[in-house]
Structure formats: structure tokens, C-alpha cells
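# Chain and residue survey
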Amino acid sequence: MKKIAIITGGSRGIGAATAELAAKAGFDVCINYLSNHERAAKVVEACKSYGVNAIAVAGDVASAADVAVLFETCDRELGPVTFLVNNAGIIGRASKVEDLSADVLHQTFAVNFFGAVYCAQEAIKRMSTNHGGAGGTIVNVSSVAATTGSPGEYVHYAASKAAIDGFTIGLAREIGREGIRVNSVQAGTADTEIHALTGNPDRPAMAADKSSLGRVATAQEIGEAIMWLGSEKSSYATGAVLRVGGGL
Ligand code: NAP
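This report concerns the structure included in the present document.

Parameters and conventions
Residues numbered from 1 in each chain as written. Predicted model: local features only at pLDDT ≥ 70, side-chain atom pairs only at ≥ 80, totals over all residues. Heavy atoms only, no water. Near = heavy atom within 4 Å. Polar contact = N/O pair within 3.5 Å; in protein donor to acceptor, adjacent residues only side chain to side chain. Areas by Shrake-Rupley, 256 points an atom, 1.4 Å probe, with all protein chains shown as cover. Helix = DSSP H or I, 4+ residues; strand = E, 2+ residues; numbered from the N terminus. Phe/Tyr/Trp six-rings, centres within 6.5 Å; stacked < 30°, edge-to-face > 60°. Buried < 20%, exposed > 50% of the residue type's maximum accessible area, 1.4 Å probe, protein only. Lys NZ or Arg CZ within 6 Å of the ring centre and 35° of its normal. Contact = heavy atoms within 4.5 Å. Pairing = 2+ DSSP bridges. Axes fitted to C-alpha atoms, helices over the stretch in contact; angles between N-to-C directions. Core = buried A, V, L, I, M, F, W, Y, C linked by side-chain atoms within 4.5 Å.

## Concerning the site of the ligand
Taken together, 32 residues sit near the ligand, with Ser 11, Ser 35, Tyr 157, Ala 190 and Thr 192 positioned nearest. Backbone polar atom of Ala 190 to an oxygen atom of the ligand: 2.7 Å apart, as the coordinates give it. Its free accessible area being 900 Å², the ligand has 95% of it covered by the protein chains. For the shell around the ligand, the secondary-structure elements that each account for two or more residues are α1 (13-24), β2 (28-33), β5 (136-143), α6 (155-175) and α7 (194-197). For the shell around the ligand, the element with the highest residue contribution is β5, accounting for three residues.

Right, dumping it as C-alpha cells:
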């Protein structure tokens, strides 16, 4: 079976690192991103250097229409997806719950949760043996925040990731007999641009102190866990919520 990965939010950070690892593992790679064309093009080139096909498709995962176009483009240019990584995510500005704006709350759930559901729906249509597919795997990128709750700053974000973990368990149980495994990775703080972009550039340094390993993760370290769950090496894992949190 041809191995084809769709990785949302693949132009930077954990998604970009995972895209390169997938290419190295022999997957043709379709990355999705929101607007950073230049960075997306660089990831595509890096993937192609491993001798696989790679494309980038811009689109907002919070839009079901954009998600449909993403999967149709992948069908046309690479073939039907066999490995979906629901990685695109946002944090939203830090605030206490009482000060949280409705816009930030809606947008955080629209991208982090609804986006993952829209992508899973499209993937199931292609992977499920009920639809003539040959099976596949879905990995959802969650966060240690799903269980720590991120009080005082990102409770809305933590709640969106807890939703992802609940979705992972329910979907895994729903479609396991259709040849699809579904798992999530609860990532610890990783040294990506997400923190500076949301106005909190010092967060990795603060998180390093709390980690049992005394440092934050690299994007590649999270990507390796995603790749394990996406590979046949994890063939009996489904509905798993794998914490890769440096002991947090
Ligand atoms: P990042 O460096 O900020 O990269 C975010 C990626 O998502 C970019 O490719 C961005 O595209 C894309 N994106 C943002 N909004 C999107 C949307 N609406 N539709 C499609 N793509 C969108 O983030 P990261 O740190 O790698 O985080 C990746 C995932 O890991 C997220 O789900 C995050 O919650 C989770 N996570 C991260 C950490 C951490 O400390 N970094 C910890 C735990 C969990 P553009 O480049 O076009 O903007």
C-alpha cells in the first residue's frame, strides 16, 4: 500500500518536524498550513530531499470547506491519505477564564477541536474498510495541558486538548474494526514559535524548570512519538493517549 501522510499545521514547529520524519520513513507527504507559504515551500523541499513526493495546501482547518479541498487535492496529486496527523493548533492569548473573550474561546475550539474532527471525517471516508479503503492511522496532537488545565493562562486551550483526547478514545472505539487506529500524543512544552506568536516568548524557559528533564522538548522529539503511533510498530495501540511530557 502506498503510504501517504496529511499533516495539518505542517509549515512550522512540530508539524514540520513530523513531515520530515514521515518523508524519511517513506511517506508521500501533504502538509497543510494557514498562510506561511514560504515556510511551507521549505518543508516541501526538505521532504522531497528524501526522494518522496510532497505538496503543501493552504487552508484553515476550522473551515470544513477548506478541509474538503485539502483532502481532494491530496487525492488528486498524491493519492488517498493513509496517515493523518491532526497537528494544527493555536493557544490564544493568555488570560484568566473570567477575562477570556468569546472570540478567543470560539477560535481555539474551532481550530484545535472542530478542525481535527473535520479532518478525521475526511480521512475516514478514504481509510475505512466500510468505504472500500485499506485502513489507516490518525494521530491527534494533544497537550499535557489536557490534564494540568493551565490555570491562570490557557484553561480554554487545555479544555480544547482534553476534548481532543476524549474524541481520540471515542473515535478509536468507533472505527477500530474499520481498519483505522486513532491515538493522541500529549506533548509537553516544545521549543517552537507558538509561544512567541501568542505573546509569551518566555514560556519555554519557564516550562524547562518544571520538567523532570530540566528542559523543553524539541519538535523532533514530539514528532518521533507521532511517527511511532503512525507506524506499524504500534499496531496494537488504539485509543491511547501517549504522554510525552518530560515527566510533567
Ligand atoms: P506552531 O509552531 O505555532 O505551528 C503552528 C502550525 O499550525 C503552523 O504550520 C501554522 O500555519 C498552522 N496553523 C495555525 N492555525 C491554523 C489553521 N487555522 N489552519 C491550518 N493550519 C493552521 O505550533 P507548534 O508549537 O508546532 O504546535 C503544533 C501542535 O502541537 C498544536 O496542536 C499545539 O497545540 C501542540 N502542542 C504544542 C506544544 C508546544 O509547546 N509547542 C505543546 C503541547 C502541544 P502557518 O505557518 O501558515 O501559520
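## Let's talk about the packing of aromatic side chains
Across all of its chains, the model carries three aromatic pairs by this definition. A centroid spacing of 5.3 Å and a plane angle of 45 degrees characterise the contact between Phe 27 and Phe 83, whose relative ring orientation is tilted. Of the two residues, Phe 27 is situated in the loop between α1 and β2 and Phe 83 in strand β4 (residues 83-86); the sequence distance between them amounts to 56 residues. Comparing Phe 27 with Phe 83 shows no difference in burial state: the two are buried. Between the aromatic rings of Phe 113 and Phe 114, the centroid separation amounts to 6.0 Å while the plane-to-plane angle is 55 degrees, which identifies the pairing as tilted. Assessed through its relative accessible area of 41%, Phe 114 is described here as partly exposed. Geometry around Phe 27 places Lys 3 over its ring, the cationic atom sitting 4.6 Å from the centre.

## Overview of the side chain of Ser 143
Its place among the elements puts Ser 143 in strand β5. Filtering out sequence-adjacent residues up to four positions away, Ser 143 remains in contact with Tyr 157, Lys 161, Val 185, Gln 186 and Ala 187.

## Details of the sheet that holds strand β1 (residues 4-7)
The seven strands lie next to each other as β3-β2-β1-β4-β5-β6-β7, forming an open sheet whose pairing is parallel. Pairing within the sheet leaves two strands with one partner each, and these edge strands are β3 (54-58) and β7 (241-244). Direction aside, the axes of adjacent strands within the sheet are offset by 20 degrees on average. In this structure, β2 lies alongside β3, joined through five bridges in parallel fashion. By the bridge assignment, Asn 32 is partnered in β3 with Val 57. Packed onto the sheet, helix α2 (residues 37-48) meets β2 and β3 and runs at close to 160 degrees relative to β3. Sheet contacts for helix α9 (residues 219-230): β4, β5, β6 (180-187) and β7; angle to β6, the most-contacted strand, approximately 165 degrees.

## A few points about the nonpolar core
The nonpolar side chains of a soluble globular protein tend to be buried, and buried together. Ranked by size, the top nonpolar core spans 34 residues in total, and within it Ile 7, Val 29, Ile 31, Phe 83, Ile 222 and Ile 226 carry the most contacts. Examining the composition of this core, we find that seven residues originate from one element, α1, more than from any other. In this structure, Ile 4, Cys 30, Phe 113 and Ala 120 belong to the second largest nonpolar core, which totals 31 residues.

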